[in-house]
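# Per-entry structural report
Residues per chain are reported as follows:
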Amino acid sequence: MKKIIFLLVLLFTGVPPCLGHPKKPMRVLVLADSGGGHILFSQRGHVWLEQELNKDHRFVFDYITSPDVINDSLLALYPLFIQLDYPPYPWTAVAQAAMEKYISQGLGGWIGFHHPTLLGVFDGYPMWQWFSDFMGGIQFKAHIPGGATAQLTVEMPKHPVMKGVPTTFMTKDEWYIYDKSPRPQVQVLASIDEATYQPAKDVKMGDHPVIWTNAHVKARNLYIAMGHFPELFDDPAFTTIFRNAVYWAARQ
């Protein structure tokens, strides 16, 4: 009898009946700036995560504005950690150790936007060497104040994060320049063509990856250089990458 009911529902609706209880939502920890030049991006990101990405209520997003609360016990609650614009300082020794364990042992996935590669000595804080190595052994050198529009090229179109993303697309951000390319240490998914800067800029690094993942750690991880302007959430290429990244890093 149950089999007949199942087939009738499938025949008339095209949707199989719910069998059992819905899957429990996945908890996601989101660390975001609470002020400064990135606050508008962080605010738009909060709204987008709740209203656009989470329409099927598959996730529960918990937001923090400081890494001071991060420790092993907190991270153990989350299969995914999104660093939505927050620098690699000032983190306590406890928070740093917990992050290193979380990533190195693959206890969860990680996505970082823009600010995590502000690597160096800032505001009296020493550089977090482990995080620099995690990001490909780079240090922050310069940036493009006010931003610039440029063409991005997808280098790994078959990677799940790049599904549905054009092979080339234009976008604007306050691009970071590093002391060297992270390419030898990471897997580059997309890079920027500095010759397409609008307006033209002299601040360049040559080989300029902007989206990459580090396969030398157990955690699924992705760094996305974009994350300065809130208008990015009006860009379908960016939101597609963001959505794909969440599902990929969360192993959904």
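Since the model is a prediction, treat every value here as computed from it, not as a measurement. (Residues numbered from 1 in each chain as written. Predicted model: local features only at pLDDT ≥ 70, side-chain atom pairs only at ≥ 80, totals over all residues. Heavy atoms only, no water.)

### Examining the overall build of the protein chain
To keep things clear, this is the line we draw: A run of H or I in DSSP counts as a helix once it spans at least four residues, and a run of E counts as a strand once it spans at least two, with each numbered from the N terminus. Atoms counted for the radius of gyration: C-alpha only. Globule rule: 2.2 Å times the number of residues to the power 0.38. Note on exposure labels: buried denotes an accessible area under 20% of the residue type's maximum, exposed denotes more than 50%, and partly exposed covers the range between, all computed with a 1.4 Å probe on protein chains only. Each accessible area value is a Shrake-Rupley result obtained with a 1.4 Å probe; residue values ignore everything except the protein chains displayed when judging cover. Charge assignment in this entry is limited to Lys and Arg as positive and Asp and Glu as negative, and neither His nor the chain termini are counted. For charged residues, the charge sits on one atom: NZ in Lys, CZ in Arg, CG in Asp, CD in Glu.
Scanning the protein chain from N- to C-terminus turns up six helices and eleven strands. Taken over C-alpha atoms, the radius of gyration comes to 20 Å for the protein chain, in line with the 18 Å a tight globule of 252 residues would show. Its C-alpha atoms give the protein chain principal-axis dimensions of roughly 70 × 40 × 35 Å. Going through the 252 residues of the protein chain one by one, you find that 50% of them count as buried. If you sum the accessible surface of the protein chain, you get close to 12,200 Å²; carbon and sulfur atoms cover 57% of it. In the protein chain, 21 side chains carry a positive charge and 22 a negative one; their mean positions are 13 Å apart.

### A closer look at unusual backbone geometry
Comment: phi is negative for the bulk of residues other than glycine, and the bulk of peptide bonds are trans. With omega at -10 degrees, the peptide bond leading from tyrosine 89 into proline 90 counts as cis. The step from glutamine 198 to proline 199 runs through a cis peptide bond, and the omega angle for that step is -5 degrees. For proline 199, the position within the fold is in the loop between strand E9 (187–198) and strand E10 (209–213). Although it is not a glycine, aspartate 85 sits at a positive phi angle of roughly 70 degrees. Phi is positive for histidine 114, which is not a glycine, with a value near 60 degrees. Its place among the elements puts histidine 114 in the loop between strand E4 (109–113) and helix H5 (129–134).

### Description of the confidence of the model for the protein chain
Rules: pLDDT is a per-residue confidence score from the predictor, ranging from 0 to 100. Only heavy atoms matter for contacts: two residues are in contact if any of them lie within 4.5 Å across the pair.
With 91% of its residues at a pLDDT of at least 70, the protein chain reaches an overall mean of 91. Within the model, pLDDT remains below 50 along residues 1–21, and this stretch shows eight contacts once partners closer than five positions in the same chain are excluded.

### Considerations on the pairing of E9
Each regular strand shows side chains that alternate between the opposite faces of the sheet. We apply this condition: Note on pairing: DSSP must find at least two bridges between two strands before they are called paired.
Looking at chain direction, strand E6 (residues 148–154) and E9 are connected through five bridges and run antiparallel. Of the residues in E9, the one forming a bridge with leucine 152 is isoleucine 192. The pairing of E9 with E10 spans four bridges and is classified as antiparallel. From the neighbouring strand, alanine 190 faces E10, where its bridge partner is isoleucine 211.

### Focus on the packing of aromatic side chains
For any pair of aromatic rings, the description rests on two quantities: the centre-to-centre distance and the angle between the ring planes. What counts, and what does not: Stacked, edge-to-face and tilted are the three classes for Phe, Tyr and Trp ring pairs, Trp counted by its six-membered ring, which pair at centre distances within 6.5 Å; planes under 30 degrees apart are stacked, over 60 edge-to-face, the rest tilted. For a ring to carry a charge above it, either NZ of a lysine or CZ of an arginine must fall within 6 Å of the ring centroid while also lying within 35 degrees of the normal to the ring plane.
On inspection of all chains with the given rule, the structure shows 27 aromatic pairs. With 6.3 Å between their ring centres and 50 degrees between their planes, phenylalanine 41 and phenylalanine 113 make a pair best called tilted. Here phenylalanine 41, found in helix H2 (residues 39–53), pairs with phenylalanine 113, found in strand E4; they are 72 residues apart in sequence, far enough to count as distant. For phenylalanine 41, a relative accessible area of 0% translates into the label buried. Given the relative accessible area of 0%, phenylalanine 113 is considered buried. Relative to phenylalanine 131, the ring of tryptophan 130 lies with its centre 6.0 Å away and its plane at 80 degrees, an arrangement referred to as edge-to-face. An identical accessibility class is assigned to tryptophan 130 and phenylalanine 131; each is buried. Taken together, the aromatic side chains of Phe41, Trp48, Phe113, Phe233, Phe238 and Phe242 make up a single cluster linked through ring pairs. Looking at lysine 172, its charged tip hangs above the ring of phenylalanine 229, at a distance of 5.0 Å from the centre.

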